[in-house]
Amino acid sequence: HTATLLPNGLVLVAGGLSTAVAELYNPANGTWTNTGSLVTIRLYQSATLLPDGQVLITGGQGRDSSTLSSAELYDPTSGTWTTTGSLVALRKCHTATLLPNGEVMVAGGIGLSGPLSSVESYDSAIGAWTATGSLTTGRTLFTATLLPNGKVIVAGGFGAASGYLSSVQLYDLANGTWTATGSLTTGRDYHTATLLPNGKVLVAAGNSNGVFFSSAELYDPTSGTWTNTGSLATARYLHTATLLANGKVLVAGGQNSS
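Note that this is a predicted model, so its numbers are computed, not measured. (Residues numbered from 1 in each chain as written. Predicted model: local features only at pLDDT ≥ 70, side-chain atom pairs only at ≥ 80, totals over all residues. Heavy atoms only, no water.)

S.K.: Before we go on, may I ask you to explain the pattern of salt bridges in this structure?
M.R.: Pairs can form between side chains of opposite charge whenever their charged atoms are close. Applying the stated rule across the entire model yields 3 salt bridges. With its nearest N and O atoms 2.7 Å apart, the salt bridge here joins E120 to R91. You can see E120 sitting in strand β13 (residues 119-123) and its partner R91 sitting in the loop between β8 (80-84) and β9 (95-98), a full 29 residues away along the chain. Given a relative accessible area of 1%, E120 falls into the buried group. Of the residues examined, R91 reaches a relative accessible area of 0% and is grouped as buried. (Salt bridge = Lys/Arg side-chain N within 4 Å of Asp/Glu carboxyl O. Helix = DSSP H or I, 4+ residues; strand = E, 2+ residues; numbered from the N terminus. Buried < 20%, exposed > 50% of the residue type's maximum accessible area, 1.4 Å probe, protein only.)

Written as structure tokens, this is what we have:
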């Protein structure tokens, strides 16, 4: 499922295996309440908070294991979901990044024939998607991070022909193109990427062919290079990473066995 922090301080949890149910968590009293259900049952979708306070849910996998192109919007004022323009491509296990211009960029993921290189952007003003410059390598289970300079860095993941990827690319919104930057020290998928207060990106843990990592790396956007940093106490993948108010990063849960 997905979890999205709303402007009103509530957390919206939506979808997941065999359910269209959505719930709201209130941190003030520690309680959960149901809200409007998704139009379509889905998992492996993305969720993005839009500038107007609505939440955009895109793609994913349907109840019958089909890959979806549909998208829907949650309105926190009414607590209801409505359909919006469908993706150009069917996809799940993709990334979704809110760009400085207010559009949402969806990249990669798994399509009907494996990992995708296609990228598209959602314009909330008209509720429509348009294709943009493609990734050099089709990939899924990677990370996408918006940098302070407005570029998006895509790191690692899994590619059908290339296996576990160490390659990294940068998206330039100004011209809609992707360029290569320094590669990860270790190819990995199911990792996390966290933008730190100093502008660097921390990539932590992950998996490569059943080998689970405790290693972590830092990306310096000034030099375009990665360097190893302190390792986690426990190797893991499918975990979460959260930037705390004190500048530290909390890594929680995950798996470390197949």
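That covers the picture; the talk isn't over yet.
S.K.: Whenever I open this one, the sheet that holds strand β6 (residues 55-58) confuses me. Can you help?
M.R.: Strand pairing in a sheet relies on backbone hydrogen bonds. The paired strands run either parallel or antiparallel. Spatial ordering of the open sheet is given by β5-β6-β7-β8, a layout of 4 strands whose pairing is antiparallel. Two strands in the sheet have a free side with no partner beyond their single neighbour: β5 (46-49) and β8. On average, each strand axis in the sheet is inclined to that of its neighbour by 25°, with strand direction left out of account. Here 4 bridges tie β5 to β6, and the two strands are oriented antiparallel to one another. Within the sheet, the bridge partner assigned to A47 lies in β6 and is I57. (Pairing = 2+ DSSP bridges. Axes fitted to C-alpha atoms, helices over the stretch in contact; angles between N-to-C directions.)

S.K.: Looking at this structure, I do not really get the packing of aromatic side chains. What am I missing?
M.R.: Each aromatic ring pair is specified by the distance between its two centres and by the angle formed by the two planes. One pass over the full model with this rule turns up 8 aromatic pairs. Between Y219 and W226, the aromatic rings sit 5.0 Å apart at their centres with planes inclined by 45°, giving tilted as the arrangement. Of the residues examined, Y219 reaches a relative accessible area of 1% and is grouped as buried. On the basis of relative accessible area, W226 is assigned to the buried category, the value being 9%. Ring pairing ties together the aromatic residues Y190, F212 and Y237, which thus form one cluster. (Phe/Tyr/Trp six-rings, centres within 6.5 Å; stacked < 30°, edge-to-face > 60°.)

Remember that the coordinates give geometry; whether it matters functionally is a separate question.
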